[in-house]
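Working through the structure, step by step
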Amino acid sequence: MNIFTQECSPCGQSANMLGIWFTNACNLNCSYCYIKKKSNETIDVDLAVELICRELAPNEIPLGVMFMGAESLTHFDELKEIVERVIAFESERRVVFFIATNGTLLTDEMKRWFEEYRDIVSLGLSYDGGDESQDMNRSNSGVHSVAVDKALSSVDPSTGAKEHLGVALRAALPAVYS
């Protein structure tokens, strides 16, 4: 698990960025995956909270936390706990979270949670192109186009209205053109 801090300037504002290698677990077997040995290992929740809060405490500028690794949603309960504990520590909400995902594990429960925290939590959905490219590069044929549909919209159960989650697409360009 690698943890690094760097300065960046998104939208013209200075912010600290903290990248956390969250897990080696994944539910797919993509042809271009850089993780040679997948496992169910994930970062310790207490350690992650401590590292994030340690970065927040002495700084006045916002902190962006990026959860990276194989498939972050394999450990959704741990992600949720980390975010909620950090928010309890940081009442001024000077922190935002970005979670990389293939989108195939999104459930209605997860979408409701992401909708609730959409002002501070964003999903980065990996995307290989059209359905044919998706299926060619991913082991679970046919599941990724469904994942994209799941990730791009959500239905509010109380009103039936469609709500949109904060989702960014991350394209694997070499895979798109292969």
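Residues numbered from 1 in each chain as written. Predicted model: local features only at pLDDT ≥ 70, side-chain atom pairs only at ≥ 80, totals over all residues. Heavy atoms only, no water.

With that settled, the discussion passes to the nonpolar core. If you look at the biggest cluster of nonpolar residues, it comprises 31 residues, and the most contacted ones within it are I52, F67, I82, V86, F97, F114 and V121. Elements with a minimum of two residues in this core: β2 (15-23), α1 (45-56), β3 (63-69), α2 (76-89), β4 (95-101), α3 (108-116) and β5 (121-127). (Core = buried A, V, L, I, M, F, W, Y, C linked by side-chain atoms within 4.5 Å. Buried < 20%, exposed > 50% of the residue type's maximum accessible area, 1.4 Å probe, protein only. Helix = DSSP H or I, 4+ residues; strand = E, 2+ residues; numbered from the N terminus.)

Next up on the list: the pattern of salt bridges. According to the stated counting rule, one finds six salt bridges in the structure shown. We note a salt bridge from E50 to R54, for which the minimum N-O separation is 2.9 Å. Here R54 and E50 lie together in helix α1, a separation of four residues that amounts to about one turn. Classification of E50 as partly exposed rests on a relative accessible area of 44%. (Salt bridge = Lys/Arg side-chain N within 4 Å of Asp/Glu carboxyl O.)

Below, the discussion takes up the confidence of the model for the protein chain. Overall, the predicted model of the protein chain reaches an average pLDDT of 75, with 68% of residues at or above 70. Summarising per-element confidence for the protein chain, the mean pLDDT is lowest in helix α6 (residues 173-176) (45) and highest in α2 (95). Contacts from residues 8-12, a stretch scored under 50 in pLDDT, to residues over four places away or in other chains number five contacts. (pLDDT = per-residue confidence, 0-100. Contact = heavy atoms within 4.5 Å.)

At a closest axis distance of 12 Å, the pairing of α2 and α3 adopts a crossing angle of 15°. Relative to α3, the element α2 lies roughly parallel. Every pair of crossing elements has a handedness; the one defined by α2 and α3 is left-handed. Contact residues: α2 offers F76, K80, V83 and E84, while α3 offers E109, M110, W113 and F114. A per-class count over the contact of α2 with α3 returns five nonpolar, no polar and three charged. (Axes fitted to C-alpha atoms, helices over the stretch in contact; angles between N-to-C directions. Parallel < 35°, antiparallel > 145°, perpendicular 65-115°, else oblique. Left-handed = near helix turned anticlockwise from the far one by under 90°. Nonpolar A, V, L, I, M, F, W, Y, C, P; charged D, E, K, R; others polar.)

Along the chain, E71 turns up in the loop between β3 and α2. Taking the relative accessible area as the measure of exposure, E71 reaches 1% and is therefore buried. There is a polar contact of 2.7 Å between the side chain of E71 and the side chain of T101. With sequence-adjacent residues up to four places away left out, E71 is seen in contact with T23, A25, C26, N27, T101, N102, G103 and L105. (Polar contact = N/O pair within 3.5 Å; in protein donor to acceptor, adjacent residues only side chain to side chain.)

Between its terminal C-alpha atoms α2 stretches 20 Å, which fits the 20 Å expected from 14 residues at 1.5 Å a residue. Residues of α2 that are buried: F76, L79, I82, V83, V86 and I87. Down the axis of α2, the buried set is contained in an arc of 130°. They therefore lie on one face. Facing away from the buried side of α2, by more than 90 degrees, are the exposed residues D77 and A88. (Expected span 1.5 Å × (residues − 1). Arc of directions from axis to C-beta.)

Before going further, it helps to examine the packing of aromatic side chains. One pass over the structure, following the stated rule, counts six aromatic pairs. With centroids separated by 6.1 Å and ring planes inclined at 5°, the aromatic side chains of F67 and F97 adopt a geometry described as stacked. Linking F67 in strand β3 with F97 in strand β4, this pair joins segments that are 30 residues apart in sequence. For the ring pair F76 and W113, a centre distance of 5.6 Å and an interplane angle of 85° mean the geometry is edge-to-face. Of this pair, F76 sits in helix α2 while W113 sits in helix α3, and the two are 37 residues apart along the sequence. (Phe/Tyr/Trp six-rings, centres within 6.5 Å; stacked < 30°, edge-to-face > 60°.)

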